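# Breakdown of the fold
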Amino acid sequence: MVVSMDTNDDIAPRERSTRAVHDRLEEAMERAERHGGRLAVLHVHLSHEAGAGPEALRGQVALRLATALRATDSVLPGGSDWLLLLLPGVDSVGDAAIVARKVLGVLAEPFAVDDRSHRLDGRIGMAIYPDHGFNSDALLRNAEEAMRRAGTEGGPDVRWHAPRTTVTGHDDLAS
């Protein structure tokens, strides 16, 4: 399990984090390509109650997920209220959905911050390489779009990318 939680607050942390996420995703895609496999990208949005510091919660979530997922999976930081999971060797959306439901279960357990118990909800959007995109930009956009759809009904939810709107990263998109 790879957990990458860079907490340095130096120059342009968002830009550095975004670049690191793209680099890690590109590496994972290359490994999947070499081994003839797939890669699931899960965009996890964390909804927390008022008073809970999102940075402290994000670190705890990443560590808790590290114990719940496979050793080959990666937890990558996103913004203050989201993170990415990279799941190599996931063969289908159904397999990724099983993991996503497990992640929602992990999020449902209370987190302790500043001697208080905090609860989280999660919305998860999924995209599978190469089915839903051939480059990191397309996969991230498609996973995020699915996450936004998951949020339309309120509460914890999981959605996968709808193929009819797939952004593949190619200029010659079919309608």
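Since this is a predicted model, take the numbers as computed values, not measurements.

## Considerations on unusual backbone geometry
Cis geometry marks the peptide bond from Tyr129 to Pro130; its omega dihedral reads 5°. One can find Pro130 in the loop between strand E7 (120–129) and helix H4 (136–150).

## Topic: the packing of aromatic side chains
By the definition in use, this model includes zero aromatic pairs. Above the plane of the ring of Phe111 lies Arg64, whose end atom (NZ or CZ) is 3.7 Å from the centre.

## Focus on the pairing of strand E3 (residues 74–77)
Note on strand geometry: in a regular strand, side chains alternate between the two faces of the sheet. Both faces of E3 are covered, namely the face carrying Ser74 and Leu76 and the face carrying Val75 and Pro77. With four bridges joining them, E3 and strand E4 (residues 82–88) adopt antiparallel strand pairing. Across the sheet, Leu76 pairs through a bridge with Leu84, a residue of E4. Taking the residues between adjacent antiparallel strands as the criterion, E3 and E4 are bridged by four residues.

## Description of the pattern of salt bridges
Under the criterion given, the structure shown has five salt bridges. Taking the shortest distance from any N to any O, the salt bridge between Arg70 and Asp73 comes out at 2.6 Å. Ionic pairing is found between Glu144 and Arg148, a salt bridge with its closest N-O pair at 2.4 Å. You can see Glu144 and its partner Arg148 sitting in helix H4, four residues apart, about one turn around the helix. Judged by its relative accessible area of 52%, Arg148 falls in the exposed class.

## Structural notes on the environment of Leu83
Within the secondary structure layout, Leu83 lies in strand E4. In this structure Leu83 comes out as buried when scored by relative accessible area, which is 0%. Distance from Leu83 to Val21, taken between C-alpha atoms, is 9.8 Å for residues 62 residues apart in sequence. Excluding anything up to four places from it in sequence, Leu83 contacts Leu42, His43, Val44, Leu46, Arg58, Val61, Leu65, Val75, Leu76, Pro77 and Gly78.

## Focus on H4
Over its 15 residues, H4 runs 21 Å from end to end, which matches the ideal 21 Å to within 8%, given 1.5 Å per residue. At the N-terminal boundary of H4, the capping side chain belongs to Asn135, with an oxygen 3.1 Å from the backbone nitrogen of Asp137.

## Focus: the pairing of strand E2 (residues 39–48)
Most of E2 is tucked away, with eight of its ten residues classed as buried. Where E2 lies against E4, seven bridges are found, and the strand directions are antiparallel. Bridge assignment links His43 to a residue of E4, and that residue is Leu84. By the bridge criterion, ten bridges tie E2 to E7 in an arrangement that is antiparallel. Across the sheet, His48 pairs through a bridge with Leu120, a residue of E7.

## What to know about the nonpolar core
If you look at the biggest cluster of nonpolar residues, it comprises 30 residues, and the most contacted ones within it are Leu42, Leu65, Leu85 and Ile124. Only E2, helix H2 (54–68), E4, helix H3 (93–108), strand E5 (111–113) and E7 provide two or more residues apiece to this core. No other element matches H3, which puts eight residues into this core. Not counting residues up to four positions away in its chain, the partners in contact with Leu85 are Ala40, Val41, Leu42, Val44, Leu65, Leu69, Ser74, Val75 and Val103.

## Describing the side chain of His161
Looking at the secondary structure, you find His161 in the segment after strand E8 (157–160). Among the residues examined, His161 registers a relative accessible area of 1% and is labelled buried. There is a polar contact of 3.4 Å between the side chain of His161 and the side chain of Asn142.

About the cut-offs
- Residues numbered from 1 in each chain as written.
- Predicted model: local features only at pLDDT ≥ 70, side-chain atom pairs only at ≥ 80, totals over all residues.
- Heavy atoms only, no water.
- Helix = DSSP H or I, 4+ residues; strand = E, 2+ residues; numbered from the N terminus.
- Phe/Tyr/Trp six-rings, centres within 6.5 Å; stacked < 30°, edge-to-face > 60°.
- Lys NZ or Arg CZ within 6 Å of the ring centre and 35° of its normal.
- Buried < 20%, exposed > 50% of the residue type's maximum accessible area, 1.4 Å probe, protein only.
- Pairing = 2+ DSSP bridges.
- Salt bridge = Lys/Arg side-chain N within 4 Å of Asp/Glu carboxyl O.
- Contact = heavy atoms within 4.5 Å.
- Expected span 1.5 Å × (residues − 1).
- Polar contact = N/O pair within 3.5 Å; in protein donor to acceptor, adjacent residues only side chain to side chain.
- Core = buried A, V, L, I, M, F, W, Y, C linked by side-chain atoms within 4.5 Å.

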